[in-house]
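# Structure at a glance
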Amino acid sequence: MGMFDGLNPKQREAACAGDGPLLILAGAGSGKTRTLTYRIAYLIAEKHINPMNILAVTFTNKAAGEMKERVAALVGPDADRMWVSTFHSACMRILRSNISLLGYDDRFTVYDTDDQKTTMKNVCKRLNIDTKRYKERTILSEISSAKNELMDESGYEKYVLNDFSKTVYARAYREYQETLRKNNAVDFDDIIMLTVRLFDEFPDVLERYRERFKYILVDEYQDTNTAQFELIRLLADKYKNLCVVGDDDQSIYRFRGANIRNILDFEEHYPEATVIKLEQNYRSTQYILDAANAVIANNRGRKDKKLWTDAGEGKKPVFNQFDTAFEEAEYIVSDIRHRNKMGTGYGSCAVLYRTNAQARILEERLIMAGIPYNVVGGVNFYSRAEIKDIIAYLKVIDSGIDDLSVRRIVNVPKRSIGNATLEKVLDYADARDISLFTAMCEAQDVPGLGKAASKIKVFTDMIGVLRAYRDNASIAELINKIIEMTDYEEYLKDQDEEKAEDKIGNVNELVSKAVAFCDGRPDASLSDFLEEVALVSDLDSADLTEERVLLMTLHSAKGLEFPIVYLAGMEDGLFPGYMSISSGDDEDIEEERRLAYVGMTRAEKELIMTCAKARMLRGETQFNPVSRFVTEIPSELVEGFVPGKKKKRPADDCYESDYPRRASSFSYAKKEEKPVKPVKALYTGTAGLESLGIKKGFQKAAEAAEPDYAVGDRVRHFKFGAGTVTALVREPRDYKVSVDFDAHGQKVMYASFAKLVKE
DNA sequence: CTCCTTTGTCTTTTT
DNA sequence: GACAAAGGAG
């Protein structure tokens, strides 16, 4: 069978495995997507499965698009009839035709993170929840976790009975959910949870989809959360033709509910499962793989596997430490420029980092050096204010049920409709149980409005005109009409002359996106467009083919590969992040380590790791030691001096002896080490840290030690000088200390970072 | 009602 | 250090 000649024996075994549950453990760069694609092709071409009966699920739209394309290349247009989509868009499709069973209108909208936050703010106001004590974000993430665990508001209330500190969340959850329902909206997590509920409560619906999707394939299975797991389980339970592909070592989305146990316990869920391991790596050279293997080996409870390659040993990974983040960026940029002179294209280089904030300093240096680059991720295109404004207009034109959108645009641009007016209309709407927009249409009946009623009428009339206009115009034309009727460009210029140009550009970009969306599907409705927009991120459209250096977070880099990879900011406190260090939960550090593994295995030919001794973080200079992930690499596998590298120590008894020992944290060199200065010409030298009056070393943040000062004591801060302690509050992870500084006034800071010295 | 100033919070990561 | 939200003045 010629079709499968391009696969290695293991890949072929996986692609051509028989029916029943199948787990493909695919290490980084082992041809995972390729194997999955061929498996689908095998089902269609060899087993003559009707493509209609196949459901392939991925996490990103990009992955879905690529897979569909690749399958089409193998089996032809038949591929169009199968579902290849993300969890979210698959569920959206199911909900669109069935959500009325759950009591929602089938023209429901999807709230993004911003919308959720606004909603929660209103909820807190209504329930008199003190948002100083319970932040909207915290409440929302609690609700999100609950939904990822399939706990609806009633379930959560029961769960909370054992924990009174959480009753506030339970109240907020219920009110939040009611608000969403009133607005006929769902959030991201609802999309999955409601689909599961639909299947639970309506077995006939489930049965229909079970018959439809006789073959199910899931990519990146290690990133599924409980709700997604349950969804797949329900669908696959009848025929059990479930093929999942993943790598437990690349599970990096625990923070948003991914449950690594889903992949680790697959064989327990499906005892009859076939398991195939893909361990041959086609991406990197041996040194890089060895280094990555050495790091990930420090994690416990992983599926045993070891990547190998026949690509040759290649070059050793390189490590360099610098005095400041500025010098680090300088080095990376000059190294890229040097390589470019030697013939390496800019497009071959990628700089990966832990947090988006690190991009800025790198960008500055790249601009100065005149090197073309792209930053992937960061602020999502669709969450920019100007785009959200236009989308809100579209949503109101489309349905008007969604109060949130109405409130967003009612006074944008300024129409002299303020909060007081809005509150009156809102009261009127509440009393009658109608939507805000409907109430606004009856503004003349709303008591106490006075002149404001006519202002509202101008607005509702305009929406009316736009609605009429929509009926025989394309979406792009409609957007242009909105801009024209609202004088939106004028509004942007009034706001900020400088930024206006960019923003107008973005709005035009949205028009192009609308044109592209309608291209090839003339019957697409406004609702379809809005749905697409809700589920798409601009990560999906990132162009990786240009000859530009790419900057992105480690998370965004998953699934990609580059000849030259820089891992910047390899510092304990940044990567692994401060949060994961101080949480005291090993799982957190392990997740960060998997992230390091993902980063290292992106490199094909060369891996360059860098870090800085001092770095500006949250407005304060932080001094961090070399990342433990660097020190976990055996020195014979690294080029360059790793300071603070510990000697092997006798095993402590924290861990069972058959697990690799976790590297101990926060060991740092006691003696002064010479800074690595690979780029002598650029290195300007910095005064020693000590001269700034700072004690060297990283203060251990976990288990905050009680400060040796108390309220009323005189203390000294390295930057703010002398002051008096006015308050000392114990917080879960640290002491929060308030100091009244003689020269700088009142400051509140965390004790472990403030490094206050008692006088 | 709007504009301006001040204050506080934030930095993980995103479908 | 950046940006949003809240609060106060006109």
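Just so we're clear, the structure is a prediction, and the values are computed from it rather than from any experiment. (Residues numbered from 1 in each chain as written. Chains lettered and ligands numbered in written order. Predicted model: local features only at pLDDT ≥ 70, side-chain atom pairs only at ≥ 80, totals over all residues. Heavy atoms only, no water.)

## A few points about the overall build of chain A
- When helices and strands are tallied, chain A shows 30 helices and 20 strands.
- Out of the 759 residues in chain A, the part that is buried amounts to 54%.
- Summed over its atoms, the accessible surface of chain A is roughly 34400 Å², and 49% of this surface lies on carbon and sulfur atoms. (Helix = DSSP H or I, 4+ residues; strand = E, 2+ residues; numbered from the N terminus. Buried < 20%, exposed > 50% of the residue type's maximum accessible area, 1.4 Å probe, protein only. Areas by Shrake-Rupley, 256 points an atom, 1.4 Å probe, with all protein chains shown as cover.)

## Brief notes about the protein's contact with DNA strand B
- Neighbouring DNA strand B are 26 residues; F59, R137, R256, R354 and G418 lie closest to it.
- A breakdown of the atoms of DNA strand B within 4 Å of the protein gives sugar and phosphate a share of 70%.
- In this structure, a phosphate oxygen belonging to DNA strand B sits 2.5 Å away from a main-chain N or O atom of G418.
- Between a base oxygen of DNA strand B and a side-chain N or O atom of H555, the distance comes to 3.5 Å.
- If you list the elements that add at least two residues to the surface near DNA strand B, you get helix 19 (419-432) and helix 26 (554-557).
- With three residues, the single largest contributor to the surface near DNA strand B is helix 19. (Near = heavy atom within 4 Å. Polar contact = N/O pair within 3.5 Å; in protein donor to acceptor, adjacent residues only side chain to side chain.)

## A closer look at the side chain of Q228
- By the secondary structure assignment, Q228 is in helix 11 (residues 226-236).
- By relative accessible area, Q228 is classed as buried at 4%.
- A polar atom in the side chain of Q228 sits 2.8 Å from the backbone nitrogen of N225.

## Brief notes about the packing of aromatic side chains
- Counting across every chain of the model gives 17 aromatic pairs.
- Between Y221 and F266, the aromatic rings sit 5.8 Å apart at their centres with planes inclined by 85°, giving edge-to-face as the arrangement. One end of the pair, Y221, is in the loop between strand 6 (215-218) and helix 11; the other, F266, is in helix 13 (residues 266-269), with 45 residues separating them in the sequence.
- With relative accessibility at 1%, the residue Y221 sits in the buried group.
- F266 sits in the buried class, given a relative accessible area of 0%.
- Grouping aromatic residues by their ring pairs yields a cluster made of W83, F199, Y209 and F213.
- Here R96 stacks its cationic end above the ring of F108, 4.3 Å away from the centre of that ring. (Phe/Tyr/Trp six-rings, centres within 6.5 Å; stacked < 30°, edge-to-face > 60°. Lys NZ or Arg CZ within 6 Å of the ring centre and 35° of its normal.)

## Re the sheet that holds strand 8 (residues 274-278)
- Pairing is parallel across the open sheet formed by six strands, whose spatial order is 3-2-6-7-1-8. The outermost strands of the open sheet, each flanked by one partner alone, are strand 3 (83-86) and strand 8. Geometrically, the sheet is characterised by an average inter-axis angle of 15° between neighbouring strands, direction not taken into account.
- By the bridge criterion, four bridges tie strand 1 (residues 22-26) to strand 7 (residues 242-246) in an arrangement that is parallel. Opposite I24, over in strand 7, you have V245 as the bridge partner.
- Relative to the sheet, helix 2 (residues 32-46) contacts strand 1, strand 2 (54-58), strand 6, strand 7 and strand 8, its axis offset from that of strand 6 by approximately 170°.
- Contacting strand 2, strand 3 and strand 6, helix 4 (residues 87-98) runs over the sheet at an angle of about 115° to strand 3. (Pairing = 2+ DSSP bridges. Axes fitted to C-alpha atoms, helices over the stretch in contact; angles between N-to-C directions. Contact = heavy atoms within 4.5 Å.)

## Let's talk about the environment of F213
- Secondary-structure assignment places F213 in the loop between helix 10 (203-212) and strand 6.
- When the C-alpha atoms of F213 and G448 are compared, they prove to be 57 Å apart, with 235 residues separating the residues in sequence.
- In this structure F213 touches M52, N53, I54, L55, W83 and L235, once residues within four positions along its chain are discounted.

## Side note on unusual backbone geometry
- Across the junction of V412 and P413, the peptide omega takes the value -5°, indicating a cis bond.
- The phi angle at D487 is positive, at roughly 55°, despite the residue not being glycine.
- Note on placement: D487 falls in the loop between helix 22 (475-486) and helix 23 (488-495).

## Overview of the nonpolar core
- Membership of the largest hydrophobic core comes to 54 residues, with the highest contact counts inside it found for L394, M440, F459, I479, Y488, L510 and F529.
- With eight residues, helix 17 (residues 385-398) is the single largest residue contributor to this core.
- Apart from the residues lying within four places of it in its own chain, the contact partners of M440 are V406, V410, V425, I456, F459 and T460.
- In terms of nonpolar packing, the next biggest core, distinct from the first, is built from 46 residues, L25, V186, I191 and F199 among them. (Core = buried A, V, L, I, M, F, W, Y, C linked by side-chain atoms within 4.5 Å.)

## Description of helix 19
- Look at helix 19: 20 Å from first C-alpha to last across 14 residues, which is about the 20 Å you get at 1.5 Å a residue.
- Of all the positions in helix 19, only T421, L422, V425, L426, Y428 and A429 are classed as buried. Relative to the axis of helix 19, the buried residues are bounded by an arc of 160° and lie together on one face. Seen from the open side of helix 19, the exposed residues pointing more than 90 degrees away from its buried face are N419, A420, D427, D430 and A431.
- Lining the buried residues of helix 19 we find helix 18 (403-409), helix 20 (436-441) and helix 21 (452-470). (Expected span 1.5 Å × (residues − 1). Arc of directions from axis to C-beta.)

## As for the environment of I434
- Checked against the element boundaries, I434 lands in the loop between helix 19 and helix 20.
- Between the C-alpha atoms of I434 and P643, which are 209 residues apart in sequence, the distance is 66 Å.
- Aside from chain neighbours lying at most four places away, what touches I434 is Y428, A429, A439 and E442.

## Regarding the confidence of the model for chain A
- Of the residues in chain A, 87% have a pLDDT of 70 or more, and the chain-wide mean is 83.
- Contacts for the low-pLDDT stretch residues 647-704, under 50 throughout, to residues beyond four places or in other chains number 90 contacts. (pLDDT = per-residue confidence, 0-100.)

## Regarding the pattern of salt bridges
- Throughout the structure, instances matching the rule amount to 49 salt bridges.
- For D190, the salt bridge goes to K147, with nearest N and O atoms at 2.9 Å. Residue D190 is located in helix 9 (residues 188-201), and its partner K147 is located in helix 6 (residues 136-148); the two are separated by 43 residues in the primary sequence. As far as the burial class goes, D190 and K147 line up, both buried.
- Note that R628 and D572 form a salt bridge whose closest N and O atoms lie 2.8 Å from each other. One end of the pair, R628, is in helix 29 (residues 628-631); the other, D572, is in the loop between strand 13 (562-567) and helix 27 (578-582), with 56 residues separating them in the sequence.
- A relative accessible area of 4% places R628 in the buried class. (Salt bridge = Lys/Arg side-chain N within 4 Å of Asp/Glu carboxyl O.)

## Side note on a positive patch on the surface
- On the surface, a cluster of positive charge is made up of K117, K121, K125 and R137.
- With three residues, the single largest contributor to the positive patch is helix 5 (residues 113-127).
- Along the polypeptide, K117 turns up in helix 5.
- Under the relative-accessibility criterion, K117 is labelled partly exposed at 42%. (Patch = residues over 30% accessible without salt bridge, like charges linked within 9 Å, V, L, I, M, F, W, Y side chains within 5 Å. Lys, Arg positive; Asp, Glu negative; His and termini not counted. Charge placed at Lys NZ, Arg CZ, Asp CG, Glu CD.)

## Regarding the packing of helix 22 against helix 24 (residues 497-518)
- In the contact formed by helix 22 and helix 24, the axes pass within 8 Å of each other and the chain directions differ by 155°. Taken together, the axis directions place helix 22 and helix 24 in an arrangement best described as roughly antiparallel. Viewed along their axes, helix 22 and helix 24 form a crossing whose handedness is right-handed. Residues I475, A476, I479, N480 and I483 of helix 22 pack against V507, L510, V511, A514, V515 and C518 of helix 24. (Parallel < 35°, antiparallel > 145°, perpendicular 65-115°, else oblique. Left-handed = near helix turned anticlockwise from the far one by under 90°.)

## Points about the side chain of T486
- Secondary-structure assignment places T486 in helix 22.
- At a separation of 3.5 Å, a polar atom in the side chain of T486 contacts the main-chain carbonyl oxygen of I483.
- Look past the residues within four positions of T486 in its chain and what remains in contact with it is Y393, P413, R415 and M462.

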